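Listed here are the chains, written in short residue letters.
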Amino acid sequence: MENLTSPAHVAASASYPSASRLEAAFLAFRHVLPDAPARAPQQFYALGDLETAFRALKPPLAAAKEQGGLINPWALASLKRDEIRTAAALAGLWMSDFGGLASQRFAAAYLTVALPDVDWSDELGAGYQVSTEVCPLGEGADRVDLVITTASHLIGIEVKIRADLGPMQLERYTASLGRRAELQKLVPAVIFLAPFRTTVPTVASTTWSDVARAARQAVGTGAIGRTFVEHMIASFGDHVMNL
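Reading the values: the criteria
- Here the residue numbers are simple positions, counted from 1 along each chain's written sequence.
- Thresholds applied to this predicted model are a pLDDT of at least 70 for local features of residues and 80 or more for the giving and counting of side-chain atom pairs; totals over whole chains, interfaces and linings are not thresholded and use all residues.
- In computing side-chain properties, one takes all heavy atoms of the structure into account and sets aside hydrogens as well as water.
- Each patch groups residues whose relative accessible area exceeds 30% and which form no salt bridge, using 9 Å between like charges and 5 Å between nonpolar side chains of Val, Leu, Ile, Met, Phe, Trp and Tyr.
- All accessibility values rest on the Shrake-Rupley procedure with a 1.4 Å probe; residue burial counts only the protein chains present in the view.
- Salt bridges are defined as contacts in which a side-chain nitrogen from Lys or Arg sits within 4 Å of a carboxyl oxygen from Asp or Glu.
- Here a strand is any run of E in DSSP of at least two residues, a helix any run of H or I of at least four, and the numbering for each starts at the N terminus.
- The buried label goes to any residue with under 20% of its type's maximum accessible area, the exposed label to any with over 50%, and the partly exposed label to all in between, with areas taken from a 1.4 Å probe on protein chains only.
- We call a crossover right-handed when, viewed with the strands running away from us, the connection from the first strand over the helix to the second turns clockwise.
- Criterion used throughout: strands pair if DSSP finds at least two bridges between them.
- Axis definition: a line fitted to C-alpha atoms, over the contacting stretch in the case of helices. Angles run 0 to 180 degrees between N-to-C directions.
- In this scheme, roughly parallel covers angles under 35 degrees and roughly antiparallel covers those over 145, while 65 to 115 is roughly perpendicular and the rest are oblique.
- Each helix crossing is assigned a hand: it is left-handed if the near helix lies turned anticlockwise from the far helix by less than a right angle, otherwise right-handed if that turn is clockwise.
- In this description, contact between two residues means that some pair of their heavy atoms is separated by no more than 4.5 Å.
- Under the convention adopted here, Pro, Cys and the residues Ala, Val, Leu, Ile, Met, Phe, Trp and Tyr are nonpolar, Asp, Glu, Lys and Arg are charged, and Gly plus all remaining residues are polar.

J.: Summarise a nonpolar patch on the surface; cite the residues concerned and give the values.
T.: Taken together, the side chains of Met-95, Phe-98 and Phe-228 make up a nonpolar region of the molecular surface, amounting to roughly 300 Å² of accessible area. Along the chain, Met-95 turns up in the loop between helix H5 (83-94) and helix H6 (96-99). Its relative accessible area of 33% is what places Met-95 among the partly exposed residues.

Written out as structure tokens, the structure is:
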């Protein structure tokens, strides 16, 4: 145990003032220091300019309300971080029956990120189908969230938001999708879409940020002149950006 009465400890203690002495010193300083003059808070902008700015904002805000630009429709749809609902919404936005060329551009932009060796604009332009919750070989244990079928490709997309992967899940999906593709004489591919990456070498890994960028690429960055479908795609991209 340390000796509190040792000469060394006493000398060290003497070199540091006690709390009561510090308080007394600062109180003494307070009486001799000049009082700080009261100052009005600095005003950086004239009030008139601010009023003019807010008046100028009224028309574009009204136009945004008319176009539904102030509230994200996917937030109203309560997708939140639900994997099944989000995957179903994404599938719907990719379907050409829903959005025509806008949906095709969205799907092609995303697939180009995941599988860049294929010209997906041409491939999807020849016709494609988007399905959800697909068992490639009719086996209930291997249910792929999204499947895109084109004239020559079979692409399975496994979607994750909050859940982790199961044991050998992507490897099983690769095998079952590969067998189905062989039966249909198609080229198989498996894509993983999640907030985290996979290290499975046979699987292309993408994130929700890739989906958001694909949405912007499909509809452009300017909101003026967007169609209803383009607005839905852009809003979905904004919704999933931070998943």
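J.: Tell me about the pairing of strand S4 (residues 187-193), and please be specific about residues and values.
T.: By the criterion of burial, S4 is predominantly enclosed, with five of the seven residues buried. A crossover connection joins strand S3 (residues 153-159) to the parallel S4 through helix H9 (residues 169-184); in handedness this β-α-β unit is right-handed. Note: S4 against strand S5 (residues 203-206), four bridges, orientation parallel. Its bridge partner lying in S5, Ile-191 is registered against Ala-204.

J.: Go over the packing of helix H10 (residues 208-219) against helix H11 (residues 228-240) with me, naming the residues and quoting the values.
T.: Packing of H10 against H11 brings their axes to within 8 Å, and their N-to-C directions diverge by 155°. As far as their axial angle goes, H11 and H10 are roughly antiparallel. Pair H10 / H11 crosses with left-handed handedness. For the pair formed by H10 and H11, the contact residues are Trp-208, Val-211, Ala-212, Ala-215 and Val-219 on the first element and Glu-230, Ile-233, Ala-234, Phe-236, Gly-237 and Val-240 on the second. When the residues that make up the contact of H10 with H11 are grouped by side-chain class, the tally is nine nonpolar, one polar and one charged.

J.: Explain the sheet that holds strand S1 (residues 128-134) residue by residue, including any values.
T.: Across the sheet, five strands lie side by side as S1-S2-S3-S4-S5; this open sheet has mixed pairing. The outermost strands of the open sheet, each flanked by one partner alone, are S1 and S5. Mean inter-strand twist for the sheet, computed between neighbouring axes without regard to direction, equals 25°. Sheet topology places S1 next to strand S2 (residues 144-150); six bridges connect them, and they run antiparallel. By the bridge assignment, Tyr-128 is partnered in S2 with Thr-150. Each of S1, S2, S3, S4 and S5 touches helix H7 (residues 101-114); the most contacted strand, S4, lies at about 90° to it. Its contacts with the sheet place H9 against S1, S2, S3, S4 and S5, and it is angled at close to 160° to S3.

J.: Please give an account of the pattern of salt bridges that cites residues and values.
T.: On inspection of all chains with the given rule, the structure shows four salt bridges. A salt bridge links Glu-133 to Arg-143; its shortest N-O distance comes to 3.8 Å. A residue pair is termed long-range when its members are at least 10 positions apart, and Glu-133 in strand S1 and Arg-143 in the loop between S1 and S2 qualify at 10 residues. Under the relative-accessibility criterion, Glu-133 is labelled partly exposed at 34%. Ionic pairing is found between Lys-160 and Glu-158, a salt bridge with its closest N-O pair at 3.7 Å. Its relative accessible area of 8% is what places Lys-160 among the buried residues.

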